[in-house]
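# Secondary and tertiary structure notes
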Amino acid sequence: VLHERDWFIRMFGDYEQDDKTNNNDEQYDITFIPDRRSLLNQFVKDLRLAKSEVNLIISGLEVPAEIILENKRAIERGVKFRLLIQQDDISDIKMFHHWQDMGINIKSMTSINVRILLVDSQVTYILTQNPKQLTQSIGIRIAYSPINFVMKQVFDMYWEKGLLA
């Protein structure tokens, strides 16, 4: 494990960003997410701390009430939301219209069979998506700005290609 840790630090530790986020002494936190319930529990905690933006690539599953409530609270604090839903046609899905009314910007995209959740460019979740069993999910939570910076660029690339809901 030490060898992998050293490689990880060499690869991402000196990544050049802007002066505000480039800190060679920066700590990182990587957590394994074993199932959807664990994801939702941890994501609620991160949403409560969100200050500026939340960017999500999701499957379009029904979202639990506690996530919707935390989304609403974050929007009330001034947090901007962008949501990419991995479905070709979401125009008839009632839930997404409610989210748009709340102030969430929504686009659709073709499935990439992975979920990516970004909170304030501080925390990234990368999660599997089993197309046959969408409620099954495992993944990782990464709190490390060089990776979050790159994942934000990935999100922005998909956002530009997405279709407006």
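The coordinates are above.
Attention in this report is confined to the structure presented alongside it. Just so it is clear, the model here is predicted, and its values are computed rather than measured. (Residues numbered from 1 in each chain as written. Predicted model: local features only at pLDDT ≥ 70, side-chain atom pairs only at ≥ 80, totals over all residues. Heavy atoms only, no water.)

### Here we look at the overall build of the protein chain
The helix and strand tally for the protein chain stands at five helices and eight strands. Counting from the amino terminus, helix and strand elements in the protein chain follow one another as α-β-α-β-α-β-α-β-β-β-β-α-β. Looking at the protein chain residue by residue over its 165 residues, the buried ones come to 40%. Excluding contacts between residues fewer than 6 apart, the proportion of contacts in the protein chain whose partners are at least 24 apart in sequence is 68%. Just so you have it, the protein chain exposes about 9600 Å², and 54% of that area is on carbon and sulfur atoms. (Helix = DSSP H or I, 4+ residues; strand = E, 2+ residues; numbered from the N terminus. Buried < 20%, exposed > 50% of the residue type's maximum accessible area, 1.4 Å probe, protein only. Contact = heavy atoms within 4.5 Å. Areas by Shrake-Rupley, 256 points an atom, 1.4 Å probe, with all protein chains shown as cover.)

### Some words on the packing of aromatic side chains
Under the defined criterion, the tally for this structure stands at three aromatic pairs. Relative to Tyr 144, the ring of Tyr 28 lies with its centre 5.5 Å away and its plane at 75°, an arrangement referred to as edge-to-face. Placement of Tyr 28 in the loop between helix H1 (2-12) and strand S1 (29-33) and of Tyr 144 in the loop between strand S7 (139-143) and helix H5 (145-161) is noted, with a sequence separation of 116 residues between them. Looking at Tyr 144, the relative accessible area reads 5%, which means it is buried. Ring geometry for Phe 43 and Tyr 125: centres 5.6 Å apart, planes at 80°, overall edge-to-face. Of the two residues, Phe 43 is situated in helix H2 (residues 36-49) and Tyr 125 in strand S6 (residues 123-128); the sequence distance between them amounts to 82 residues. Assigned by exposure class, Phe 43 and Tyr 125 land together as buried. (Phe/Tyr/Trp six-rings, centres within 6.5 Å; stacked < 30°, edge-to-face > 60°.)

### Notes on the sheet that holds strand S4 (residues 105-108)
Either a parallel or an antiparallel arrangement is found when strands of a sheet pair, and the pairing is made through backbone hydrogen bonds. On the basis of which strands lie adjacent, the open sheet formed by eight strands has the order S1-S7-S6-S5-S2-S3-S4-S8 and mixed pairing. Each end of this open sheet is capped by a strand with a single partner; those strands are S1 and strand S8 (163-164). Note that strand S5 (residues 114-119) and S6 share six bridges and pair antiparallel. Residue pairing across strands places Leu 117 opposite Tyr 125, the latter belonging to S6. In this fold H2 packs onto S1, strand S2 (53-58), strand S3 (80-85), S5, S6 and S7, with an angle of close to 160° to the strand it touches most, S6. (Pairing = 2+ DSSP bridges. Axes fitted to C-alpha atoms, helices over the stretch in contact; angles between N-to-C directions.)

### With respect to the side chain of Ser 59
In this fold, Ser 59 is placed in the loop between S2 and helix H3 (65-76). Exposure remark for Ser 59: the relative accessible area of 6% places this residue in the buried category. Looking at Ser 59, its side chain comes within polar contact range of the side chain of Arg 115, at 3.4 Å. (Polar contact = N/O pair within 3.5 Å; in protein donor to acceptor, adjacent residues only side chain to side chain.)

### Things to note about helix H4 (residues 94-102)
A turn of α-helix holds 3.6 residues, and therefore any two residues three or four places apart point the same way. Among the residues of H4, those classed as buried are Met 95, Phe 96 and Trp 99. For H4, the buried positions fall inside an angular range of 95° around the axis, keeping them on one side. Turned more than 90 degrees away from the buried face of H4, the exposed residues are Lys 94 and Asp 101. In this structure, the buried residues of H4 make contact with S2, H3, S3 and S4. Downstream of H4 by a residue or two, Gly 103 has a phi angle that is positive, lying close to 110°. (Arc of directions from axis to C-beta.)

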